[in-house]
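Each chain, letter by letter, is given below.
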Amino acid sequence: MLYCYCFVMFLTNGLELSNSQIESRYICSCQARGITPNKQVLSALFKAKLKKARHEVSSLVILLDDIQDADFHSLLDLLMEVDVSEIDAVDVINRSVCTLSWEYLLSLLRASSRKLRVVDLQDILFGKDFLLDLAQRGLPCQVLNLRSSHFRKLTMVGNFMRMHTLNLDSSASLTNFREECFTCMPNLKFLSLCETRITNLWTTTAALAKLPSLVELRFQNFLQDDEARKHPASDRRDDYWDSDHTEISIHDEAPSVSGESIMYRHFNEEQYLNNTDMNIDSSSEDSSDDSEVDFSSQDRETSSMELLPDAPPGWEDLVNLQNEVSFGTLDMQDDEEPFFRLSDSRLSYIAPKKCISHNPSPICFEKFYREYMIVSLPNLKILDNLPIRKVDREKAEVIFSQNFEYLPYKRKNKESVVSILQKRETRANHTRRLFPRRKSQYYYSRSLSAAKVGSAAWPALCPLPIMDTTARDDRRSYRPRQFEYHPSDASLMVFGTLDGEVIVINHESGKIVSYIPSLGTMNSVLGLCWLKNYPSKVIAGSDNGSLRLYDIRLMPPTATGSHQSAGSIMFDDFDQLTSVHVNSTDELFLASGYSKHVALYDISSGRRLQVFDDMHREHINVVKFSHHSPSIFATSSFDRDVKMWDLRQKPNQPCYTALSSRGNVMVCFSPDDQYLLVSAVDNEVKQLLAVDGRLHLDFTITSTGSSQNYTRSYYMNGRDYVISGSCDEHVVRICCAQTGRRLRDVSLEGKGSGASMFVQSLRGDPFRDFSMSVLAAYIRPSSNSEIVKVNLLASSDQDKGYSYTQHSHPLFSSGG
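Rules and cut-offs
- Counting starts from 1 at the beginning of each chain's written sequence and moves along it residue by residue.
- The model is predicted, so local features are restricted to residues of pLDDT at least 70 and side-chain atom pairs to those at 80 or more, both for listing and for counting; the totals for chains, interfaces and linings are taken over all residues.
- Heavy atoms from the whole structure form the basis of all side-chain values; hydrogens and water molecules are not counted.
- Secondary structure is summarised from DSSP: a helix means a run of H or I of at least four residues, a strand means a run of E of at least two, and numbering begins at the N terminus for each.
- Buried, partly exposed and exposed residues are distinguished by accessible area as a fraction of the type maximum, computed with a 1.4 Å probe on protein chains only: under 20%, between the cut-offs, and over 50%, respectively.
- Throughout, a contact is declared for two residues whenever any of their heavy atoms are within 4.5 Å.
- In short, Shrake-Rupley with a 1.4 Å probe defines the accessible areas, and a residue's cover is counted only from the protein chains shown.
- Any pair of cysteine sulfurs within 2.5 Å is marked as a disulfide.
- Only strands joined by at least two bridges in the DSSP assignment are considered to pair.
- Fitted lines through C-alpha atoms serve as axes, helices being fitted only where they are in contact, and the angles separating the N-to-C directions of these axes extend from 0 to 180 degrees.
- Put simply, two rings from Phe, Tyr or Trp (the six-membered ring, in Trp's case) pair if the centres are within 6.5 Å, and we call them stacked under 30 degrees between planes, edge-to-face over 60, tilted for the rest.
- A pair is scored as a salt bridge if a Lys or Arg side-chain nitrogen falls within 4 Å of a carboxyl oxygen belonging to Asp or Glu.
- Remark: nonpolar core denotes a set of buried residues (Ala, Val, Leu, Ile, Met, Phe, Trp, Tyr, Cys) joined through side-chain atoms within 4.5 Å.
- A residue's pLDDT is the predictor's confidence in that residue, given on a scale from 0 to 100.
- Any angle that falls under 35 degrees is termed roughly parallel, while one over 145 is termed roughly antiparallel, one within 65 to 115 roughly perpendicular, and all others oblique.
- Classification used: nonpolar for Ala, Val, Leu, Ile, Met, Phe, Trp, Tyr, Cys and Pro, charged for Asp, Glu, Lys and Arg, polar for all others including Gly.
- We call a crossing left-handed when the near helix sits turned anticlockwise from the far one by less than a right angle, and right-handed when that turn is clockwise.
- Here a polar contact is recorded for every N or O atom pair within 3.5 Å, except that within protein the pair must consist of a potential hydrogen donor and a potential acceptor, and residues adjacent in sequence are included only if both atoms are side-chain atoms.
- One less than the residue count of a helix, multiplied by 1.5 Å, gives the span that helix is expected to have.

**A word on the overall build of the protein**
Looking only at helices and strands, one finds 15 helices and 43 strands in the protein. For the protein, buried positions account for 59% of its 816 residues. In the protein, the proportion of contacts linking residues at least 24 apart, taken out of those at least 6 apart, comes to 62%. Only carbon and sulfur atoms are counted for the fraction: they give 49% of the accessible area of the protein, which is about 32700 Å².

**Details of the state of the cysteines**
Evaluation of the coordinates by the stated rule reveals zero disulfides. Of all cysteine sulfurs, the one in Cys-28 lies closest to Cys-30, which takes part in no disulfide; the gap is 9.3 Å. Between Cys-364, a cysteine without a disulfide, and Cys-194, which holds the nearest cysteine sulfur, the sulfur-to-sulfur distance is 7.4 Å. A relative accessible area of 0% means that Cys-364 is categorised as buried.

**A closer look at the sheet that holds strand β36 (residues 695–698)**
In space, the four strands of this open sheet follow the order β33-β34-β35-β36, with antiparallel pairing throughout. Looking at which strands have only one partner, the edges of the open sheet turn out to be β33 (664–669) and β36. Direction aside, the axes of adjacent strands within the sheet are offset by 20 degrees on average.

**As for the packing of aromatic side chains**
For the structure on display, the rule yields 22 aromatic pairs. A ring pair is formed by Phe-638 and Tyr-710, whose centres lie 5.9 Å apart and whose planes are at 80 degrees; its orientation type is edge-to-face. One end of the pair, Phe-638, is in the loop between β30 (632–637) and β31 (641–646); the other, Tyr-710, is in the loop between β36 and β37 (711–716), and 72 residues separate them in sequence. Look at Phe-638 and you get buried, because its relative accessible area is 14%.

**A few points about the pairing of β31**
With respect to burial, β31 is a largely interior element, six of its six residues being buried. Across five bridges, the pairing between β30 and β31 is antiparallel. Bridging from a neighbouring strand, Ser-636 pairs with Val-642 of β31. In textbook terms, the turn of a hairpin is the stretch between consecutive antiparallel strands, and for β30 and β31 this stretch comprises three residues, one of which, Arg-640, has a positive phi near 80 degrees. Pairing analysis gives four bridges linking β31 to strand β32 (residues 656–659), with the strands arranged antiparallel. When the sheet's bridge partners are listed, Val-642 is paired in β32 with Ala-658.

**Here's the deal with the pattern of salt bridges**
Taken as a whole and assessed by the stated rule, the structure comprises 25 salt bridges. When the shortest N-O distance is used, the salt bridge between Lys-52 and Asp-88 registers 4.0 Å. Taken together, the positions of Lys-52 in helix α3 (residues 39–53) and Asp-88 in the loop between α4 (72–80) and β2 (89–93) put the pair 36 residues apart, joining distant regions of the chain. With a relative accessible area of 32%, Lys-52 lands in the partly exposed category. Given a relative accessible area of 36%, Asp-88 falls into the partly exposed group.

**Describing the nonpolar core**
One broad rule of soluble globular proteins: the nonpolar side chains tend to lie buried together. Grouped together as the largest cluster of nonpolar side chains are 79 residues, with contacts concentrated most on Leu-60, Leu-144, Leu-166, Phe-182, Leu-191, Leu-217 and Phe-219. Looking at this core element by element, the count peaks at five residues for α4. Core analysis: the next-biggest nonpolar cluster, separate from the first, contains 49 residues, Val-453, Ala-634, Leu-762 and Ala-776 among them.

**Re the sheet that holds strand β40 (residues 742–747)**
Strand order in the open sheet formed by four strands is β37-β38-β39-β40, and the pairing between neighbours is antiparallel. Each edge of the open sheet carries a strand with a single partner, namely β37 and β40. Across the sheet, the mean angle from the axis of one strand to that of its neighbour is 20 degrees, orientation sign disregarded. Sheet analysis places β37 next to strand β38 (residues 721–726), joined by six bridges and oriented antiparallel. Following the sheet pairing, Ser-713 is matched in β38 by Ser-724.

**So, the confidence of the model for the protein**
Chain-level pLDDT for the protein is 80 on average; 75% of the residues reach the 70-or-more range. Under a pLDDT of 50 for its full length, residues 232–291 has, in the predicted model, 167 contacts with residues more than four places off or in other chains.

**Quick notes on the environment of Ala-737**
As for its placement among the helices and strands, Ala-737 is situated in the loop between β39 (731–736) and β40. The class of Ala-737 is buried, set by a relative accessible area of 0%. With 39 residues separating them in the primary sequence, Ala-737 and Asp-698 have C-alpha atoms 9.9 Å apart. With sequence-adjacent residues up to four places away left out, Ala-737 is seen in contact with Gln-687, His-696, Leu-697, Phe-699, Tyr-715, Arg-719, Asp-720, Tyr-721 and Val-722.

**Re the packing of helix α10 (residues 369–376) against helix α11 (residues 390–403)**
Running from N to C, α10 and α11 cross one another at 105 degrees; their axes reach a closest spacing of 8 Å. Classified by the angle their axes make, α10 and α11 are roughly perpendicular. Seen from α10, the contacting residues are Glu-371, Tyr-372, Ile-374, Val-375 and Ser-376; seen from α11, they are Arg-393, Ala-396, Glu-397, Ile-399 and Phe-400. Of the residues in the contact of α10 with α11, the class split is six nonpolar, one polar and three charged.

**As for the packing of α4 against helix α5 (residues 102–109)**
As a packed pair, α4 and α5 sit with axes 9 Å apart at the nearest point and diverge in direction by 15 degrees. The angle between α4 and α5 places the two elements in the roughly parallel class. In this structure, α4 meets α5 at a crossing whose hand is left-handed. Touching Phe-72, His-73, Leu-75, Leu-76 and Leu-79 of α4 are Tyr-104, Ser-107 and Leu-108, all from α5.

**Quick notes on helix α7 (residues 201–208)**
Of all the eight residues making up α7, seven are buried; the element is thus mostly covered by neighbouring parts of the structure. Structurally, α7 contributes buried residues whose contacts are with β7 (176–177), β8 (190–192), β9 (216–218), α10 and β40. Its side-chain oxygen at 2.8 Å from the backbone nitrogen of Trp-202, Asn-200 defines the N-terminal cap of α7.

**Some thoughts on helix α14 (residues 443–454)**
With 12 residues, α14 extends 16 Å from end C-alpha to end C-alpha; this agrees with the ideal 16 Å at 1.5 Å per step. If you check which residues of α14 are buried, you get Tyr-444, Ser-447, Leu-448, Ser-449, Ala-450, Ala-451, Val-453 and Gly-454.

**Concerning the environment of Pro-630**
Summarising the element assignment, Pro-630 is placed in the loop between β29 (620–625) and β30. According to the relative accessible area criterion, Pro-630 is partly exposed, its value standing at 34%. The contacts of Pro-630, once residues within four sequence positions are left out, are Asn-583, Ser-584, Thr-585, Phe-625 and Leu-647.

**So, the environment of Pro-557**
With respect to the element layout, Pro-557 can be found in the loop between β23 (547–551) and β24 (568–571). Taking C-alpha positions, Pro-557 is 4.9 Å from Val-513, a pair spaced 44 residues apart along the chain.

**Quick notes on unusual backbone geometry**
Peptide bonds are mostly trans, and most non-glycine residues show a negative phi. Even without being glycine, Asp-586 reaches a positive phi, approximately 60 degrees. Along the chain, Asp-586 turns up in the loop between β25 (577–582) and β26 (588–593). Not every positive phi belongs to a glycine, and Asn-683 is a case in point at roughly 70 degrees. Along the chain, Asn-683 turns up in the loop between β34 (675–680) and β35 (684–689). Of the residues examined, Asn-683 reaches a relative accessible area of 2% and is grouped as buried.

**Overview of the side chain of Thr-155**
Topologically, Thr-155 is positioned in the loop between β5 (153–154) and β6 (165–167). A polar side-chain atom of Thr-155 sits 3.2 Å from the main-chain carbonyl oxygen of Lys-153.

Quick look at the structure:
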């Protein structure tokens, strides 16, 4: 009866509960439940009362470290009445530990719907379900700080209508955003993402563009030299919470949404561990299918925090707090001071003199990162603590136009597909009479492609579906190592496996058309090439030197008990083979490998005609015939040379030699044989004039500094675009083949810890514009590589559960 009596609502005519009354009600609730009032809660109520007496903002600061499950019900009663009390704001803070269950915590956070101001949590303590519930349902707070959050692919779609500040700094698992993220945050003005693992400029800006009020963004802390010296890391670690100042005044005033600076906490100013690819041990292969958070290291109490800098667990919202740099209010002695580039060549952003970058996310190392952000987010006022001036925006627009394609085929404005179709239909009947000079036959198809790519920031990715109809008892999954599209049938693809199998598959339906077992004669299949004039035949070569020609019409879709030799031709071995290629007339093919030699074979007779010795100073990774001349071919070697040869000259001397600065991994002709596309180690990609080897275009892709980052590049959409990927990176870059401008990066990643894809090989789809397939590898040795189909014309943000492993580097350097 006492409990019921104490909580009978008596407020009428807009009266508020005083601080003394709400304190009494809390004590009464505890007595009714037979528990002792929590000392921390009583202390917080007392401090709120003192602030009210001093005519200050009366904030109730709840420290979760001191809250137990037994305190829940009484504290819930208290918070449910805060909205009708004299308390101005509620701040919920978690320092380092918390035993309160996540369900109880969320109930407390949602109890005060109008006065909840700051929520500052170390969310690793509460688990995956807590994060998913928070992201899906939202919170009524103004400021949300999730320290070291384990979101992996952010999906915040709940109700966050009141939130104006979001801080996810040091969220080392965060790599990307889902397409619908940020759609329910119309008032979010300040966003901090330092020390995350976000890399993709295109999907990141597409997600952030959905924040209409965003004015300040941070992926790194820019501090002036003197500010950096004032704040050594040790000054802000262990002693931060020791003083009584923190509990009393950390949230004395509610952060202003206009006119006032919001002071943010700063992590220690150590460098980002020099390597932005943080490795978190995983005890399980994948997260559950519906998970977008990563708690694979949760089995150790400090597993994640050991990898991350220690940080003060609160934000200083005091406007005049000394010795801190405002989020977005870095003082400039001269606003028009000239800009300069930082000494690290990988840092593409520009900063005023005496400014130092701290805690950068990997996206900051993308070339022209700052300019891209400024142009893509026109409402942004401050980026990385640096104000965006008019001159900055003008310079950014120039740099953007020189280095990026806003839309494919130089389209300037986004159009709807319906509008383009209407124009095509309505103009078709009048073009000849009114417009003697008709538009190119490609105009509308390219416009349609541009419209679709422009509306699909998250392109559709799906693994190659394989319907296993083989009669193998072990039911092993395939381990693809090389693949090629069919030259004339748009639905077919051949791939070879690490186990020596050759499989022809309908890549649209996933149905296996032909299955060729290794029969103990082949190891990893590194070389595959279709015959063009006899498209049912394919040549396969393995790393043990075995070479065969198969007729897929004679090969069944399932494994048989005995070997069928009909339809196959065996050639003389070529030791340590890495590459095979057939000429345009299907008469000859070449083989190269881990040697300085190239072998020439006659297809009809099955004989090896000749071996060309010492064509390079080091091993020849790839050999390619031209598409139209049956005697012209090119070789690329790790001796840094690319050479053009002519069989009619009995290749004793190359037609010419082109030099790269690093070892060459790949070379191929453009479909019209006008260009050579050369890919050297660590993202050195160049386009040469095929006629004489002169440099036509350098794509200037940022290098990683790794001597084993083997890069491969191919053409897409005929010779219009170039796709490029490397075995140490999880991204495919798409560039215009005529200007070198970057159209888009496609990030490849899957579920669970360490699930990023690493590009082992890739091919543009010869029949479908802006489509490709990527052979990607897991990071875990126990997992198989997989062929992933990418369609830039279709939008899909559905996780497919990819998880890739990096094999030994000699394997990555082999073939194309």
